[in-house]
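Geometric and topological summary
Listed here are the chains, written in short residue letters.
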Amino acid sequence: MKIDNEIRVRTGDCLLDACRALLGEERVLTGTSMDPYLEDWTGRFIPSTQDRPHAVLRPRSTTEVAAVVRLCAEHSIAVVPQGGRTGLCGGALPVVGQPCVILSLDGMATIRRIDTNARTLTVEAGVVLQSAQAAARDKGLVFPLTFGAQGSCMIGGALATNAGGSNVLRYGNTRELCLGIEAVLADGSIVSDLGGLRKNNTGYDLRHLLIGSEGTLGIITAAVFRLAPEPRVRVAGFMALAQLDTAAEVLNRMQDCTGGAAEAFEFMSDRATEMICQAFPDIRPPLESPAPNGIFFELASSRVSDAALDTDGSPVLHSAVLDALGTLMDEGFVTDAMIAQSEQQRLDLWRLRESVLEAMMHHGPVYPFDISLPLSRIAEFLSRVDPVMQQIGFVHVTVGHLGDGNLHYALTAAPGHDWNALPLDAARTVILDVLTELGGAFSAEHGIGQDKLDAMRYHKQPAQLAALRAIKSALDPEGIFNPGKLLPDPHA
Ligand SMILES: Cc1cc2nc3c(=O)[nH]c(=O)nc-3n(C[C@H](O)[C@H](O)[C@H](O)COP(=O)(O)OP(=O)(O)OC[C@H]3O[C@@H](n4cnc5c(N)ncnc54)[C@H](O)[C@@H]3O)c2cc1C
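Some remarks on the sheet that holds strand β1 (residues 28-29)
A sheet is described by the order of its strands in space; here 4 strands give the open sequence β1-β2-β4-β3, paired in mixed fashion. With partners counted over all chains shown, the strands left at the sheet margins are β1 and β3 (78-82), one partner each. Running at roughly 175° to strand β4 (residues 100-104), helix α2 (residues 62-74) makes contact with β2 (56-57), β3 and β4 of the sheet.

Below, the structure is given as structure tokens:
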């Protein structure tokens, strides 16, 4: 879609007139009223002047979204879908100088239905994750998707990035929680599968194509999710592992002692904890001494027997976790540990874990990798990569959803080094090469967006890339959905 500037302006004006007639003047933002929609949480991907969209459109219903998509297709104007702009790879902001509009889903924020018997929740794409969680909680149920951006990110964005977070270990990621999707395709047609069926083998599952497609295959307008029973008892704590390579064994032992009650098993290096406590002085380190291999954990159960009180007055689950930790300490797997003694202490531990990204932003220049590895290769990855990083002037600040083999491995300048003079490209090459050799993935949960196109080009298997491109051209032949994201340009 290469269009000269004059035609571009005329086409844009013509589209905007049609959109105003469709949505109403106040739902078609132009000029400076677009500014809040042109910046994301990272602040890294601000569109250049030539990437500024014609408008930000804010439809209120699926039929309005469909009509907007049809208009954009007629005018050859690309559509950049946008949720809460907390994505970390620049997927929700325009790029590549192609005439476009931003289609914000923030006007579609209705909780359509909660079915307490079927334990399902049907919500529109613009519902903020925390509101979906609260709606489930009001009915005594849990929408388990949990991560630091939950106060701002929206359901459509979580689906489009297949977000993970801290409870994936127990409940799965967004894909596993989703039972069906309503979406608008590139020709403006609406596909709807909101019946909440657990079984439906009637051909290719469009839901699974749209989840994780980062707005490149369709606009998600609503979805139905499975809910879980509210836990009756929760036990959270923090432990220091003697060796990181025993993490899988420690997790399995805790699972075995509690009937598989682990909800979170999160790696936090001593540097990460220190950085958080520096950025937020009211957050206290969980253990007295720094723990290079710290683990924040939470176990939970909805079983009456786990919530019943033991002879010492604490819930059975609490005693089981305490016993397991005692044995792990006796055997030398764990060198120190604490268990939250109150709900406030439990929430404080969660705050510690969820403040890490913000603490990194306070710290100064940081380059985050979001990688996953087979659990058995994590320690090897770190032992191979860390010395090289140190040698070339970086230190890493690492946290991770360890139970899922997912590390957020962030590089920062070692003391005495100037970030701008450090060889980031060389560091990236080393990390991605070792990762590929060990069978890892270069994006575990944040997606590709505009940020990881090079990694996609060089580290995705060529046959897989070809299949993804074939899917894209089948579902979006004119390339109107979110150009310049997820798939690297084959001609560049
Ligand atoms: C502090 C913090 C912590 C985070 N922690 C985690 C974490 O633990 N795990 C994790 O997975 N992510 C995490 N993230 C990343 C981010 O929150 C998720 O990717 C989130 O799901 C994005 O949702 P959003 O509504 O902000 O989407 P946006 O950023 O607005 O968009 C993200 C992508 O989805 C597309 N999109 C948005 N809405 C739609 C729609 N309705 N239809 C089609 N495409 C759409 C956009 O085009 C874009 O490509 C974190 C982010 C922050 C800032």
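Observations regarding the site of the ligand
Around the ligand sit 36 residues, and of these Pro81, Gly83, Gly84, Thr86 and Gly87 come closest. Note that an oxygen atom of the ligand is positioned 2.8 Å from one of the backbone N or O atoms of Gly84. Residue Arg85 places a main-chain N or O atom 2.9 Å away from an oxygen atom belonging to the ligand. With the chains in place, 97% of the 980 Å² that the ligand exposes on its own is no longer accessible. Where the shell around the ligand is concerned, the elements lending two or more residues are β3, α4 (155-160) and β10 (219-226). In terms of residue count, α4 provides more of the shell around the ligand than any other element does, 4 residues in total. Counted by class, the shell around the ligand contains 16 nonpolar, 17 polar and 3 charged residues.

What about the pairing of strand β13 (residues 262-268)?
Taken across its 7 residues, β13 has 7 buried, putting it largely inside the fold. Alignment of β13 against strand β14 (residues 294-301), held across 6 bridges, turns out to be antiparallel. The residue of β14 that forms the bridge with Ala262 is Leu299. Bridging between β13 and strand β17 (residues 394-401) involves 2 bridges; their strand directions are antiparallel. The residue of β17 that forms the bridge with Phe267 is Gly400.

Describing the domain arrangement of the protein chain
When the parts of a complex come together, some accessible area is lost, and that lost area is often taken as the interface size. What the domain assignment reports for the protein chain is domain 1 (5-106), domain 2 (111-229), domain 3 (233-356) and domain 4 (364-450). In this structure, domain 1 and domain 2 have C-alpha centres spaced 24 Å apart. At the junction of the two partners, domain 1 supplies 15 residues and domain 2 supplies 18 residues. Surface buried jointly by domain 1 and domain 2 totals about 1300 Å² across both partners, of which 73% is contributed by carbon and sulfur atoms. Of all residues in domain 1, Thr62, Thr86 and Leu105 give up the largest surface area on contact with domain 2, accounting jointly for 37% of the area buried on that side. The interface formed by domain 1 and domain 2 includes 0 salt bridges. At the surface where domain 1 touches domain 2, the tally comes to 3 residue pairs in polar contact (both at pLDDT 80 or more). Ranked by residues supplied to the side of domain 1 that touches domain 2, first place goes to α2 with 7 residues. Taken together, the residues that form the side of domain 1 that touches domain 2 break down as 8 nonpolar, 5 polar and 2 charged.

Focus on the sheet that holds strand β6 (residues 120-124)
Strand order across the open sheet formed by 5 strands is β5-β6-β10-β8-β9, with antiparallel pairing between neighbours. The sheet is open, and its two borders are formed by β5 (111-115) and β9 (190-192), each paired with just one other strand. Here the average twist between neighbouring strands, direction ignored, is 10°. Two strands pair when backbone bridges link them, and β6 and β10 are joined in this way by 5 bridges, in the antiparallel orientation. Across the sheet, residue Val123 finds its bridge partner in β10, namely Ala223. Here α2 sits on the sheet and contacts β5, β8 (178-184), β9 and β10; the angle it forms with β8, its principal contact strand, is near 50°. On the sheet, helix α3 (residues 129-138) packs against β5 and β6 and is oriented at approximately 35° with respect to β5.

What about the pattern of salt bridges?
With the rule as written, the count across this model stands at 26 salt bridges. For Glu266, the salt bridge goes to Arg353, with nearest N and O atoms at 2.6 Å. Here Glu266, found in strand β13, pairs with Arg353, found in helix α12 (residues 343-354); they are 87 residues apart in sequence, far enough to count as distant. As far as burial versus exposure is concerned, Glu266 and Arg353 are alike and both buried. Several salt bridges converge on common partners, so that one network encompasses Glu230, Arg234, Glu298, Glu343 and Arg346.

Describing the nonpolar core
Ranked by internal contacts, the top residues of the largest apolar core, which has 54 residues, are Met239, Phe381 and Tyr409. Here this core takes 6 residues from helix α15 (residues 424-437), the largest share from any one element. Two domains share this core, each providing at least three of its residues, namely domain 3 (233-356) and domain 4 (364-450). Filtering out sequence-adjacent residues up to four positions away, Met239 remains in contact with Val250, Met254, Phe265, Leu287, Asn293, Gly294, Ile295, Phe297, Leu325, Val334, Asp336 and Ala337. Ala163, Cys178, Ala183 and Leu210 belong to the second largest nonpolar core, which has 30 residues in total.

Things to note about α12
Each α-helix turn comprises 3.6 residues. Residues three or four places apart therefore point the same way. In a regular helix each residue adds 1.5 Å, so 12 residues correspond to 16 Å; α12 covers 16 Å between its end C-alpha atoms and thus fits that length. By the burial criterion, the buried members of α12 are Arg346, Leu349, Trp350, Leu352 and Arg353. Viewed along the axis of α12, the buried residues span an arc of 155°, placing them on a single side of the element.

What about the packing of helix α14 (residues 378-391) against α15?
One can describe the packing of α14 onto α15 by two numbers: an axis separation of 10 Å at closest approach and a directional angle of 165°. Taken together, the axes of α14 and α15 lie roughly antiparallel to each other. Like other packed secondary-structure pairs, α14 and α15 cross with a definite hand, here right-handed. Where α14 approaches α15, its residues Phe381, Arg384, Val385, Val388 and Met389 are matched on the opposing element by Ala427, Val430, Ile431, Val434, Leu435 and Glu437. Residue composition of the contact of α14 with α15, grouped by class: 9 nonpolar, no polar and 2 charged.

Procedures and definitions
- In this numbering scheme, every chain counts its residues from 1 along its sequence in written order.
- Where totals are concerned, whole chains, interfaces and linings use all residues; where local detail is concerned, this predicted model gives features only for residues with pLDDT of at least 70, and gives and counts side-chain atom pairs only at 80 or more.
- Excluded from the side-chain calculation are hydrogens and water; included are all heavy atoms of the structure.
- Pairing between strands requires that DSSP locate at least two bridges from one strand to the other.
- Helix numbering and strand numbering both begin at the N terminus, where a helix is a DSSP run of H or I of at least 4 residues and a strand a DSSP run of E of at least 2.
- Working rule for contacts: check all heavy atoms of both residues, and any pair within 4.5 Å makes them a contact.
- Angles shown run from 0 to 180 degrees and are taken between the N-to-C directions of axes, each axis being a line fitted to C-alpha atoms and, for helices, limited to the stretch in contact.
- Working definition: residue near molecule or strand if any one of its non-hydrogen atoms lies within 4 Å of it.
- The definition of a polar contact used here is a pair of N or O atoms within 3.5 Å, where within protein one atom must be able to donate a hydrogen and the other to accept one, and adjacent residues in sequence count solely through side-chain atom pairs.
- Computed by Shrake-Rupley with a 1.4 Å probe, the accessible areas treat only the displayed protein chains as cover when residues are assessed.
- In this count, Pro and Cys sit with the nonpolar residues alongside Ala, Val, Leu, Ile, Met, Phe, Trp and Tyr, while Asp, Glu, Lys and Arg are called charged and the others, Gly among them, polar.
- Accessibility here uses a 1.4 Å probe with only protein chains present; expressed as a share of the type maximum, an area under 20% marks a residue as buried, one over 50% as exposed, and anything in between as partly exposed.
- An automatic or database domain assignment provides the domain bounds reported here.
- Here's the idea: put two parts together, see how much 1.4 Å probe accessible area each one loses, and the total over both is what we call buried area.
- A pairing counts as a salt bridge when a side-chain nitrogen of Lys or Arg comes within 4 Å of a carboxyl oxygen of Asp or Glu.
- Residues belong to a common nonpolar core when they are buried Ala, Val, Leu, Ile, Met, Phe, Trp, Tyr or Cys residues joined through side-chain atoms within 4.5 Å.
- Helices are assigned an expected span. That span is 1.5 Å times one less than the residue count.
- By arc we mean the arc of the directions from the helix axis to the C-beta atoms, nothing more.
- Here roughly perpendicular refers to angles of 65 to 115 degrees, roughly parallel to angles under 35, roughly antiparallel to angles over 145, and oblique to all remaining angles.
- Handedness of each helix crossing follows the sense of rotation of the near helix against the far helix: counterclockwise by less than a right angle gives left-handed, clockwise gives right-handed.

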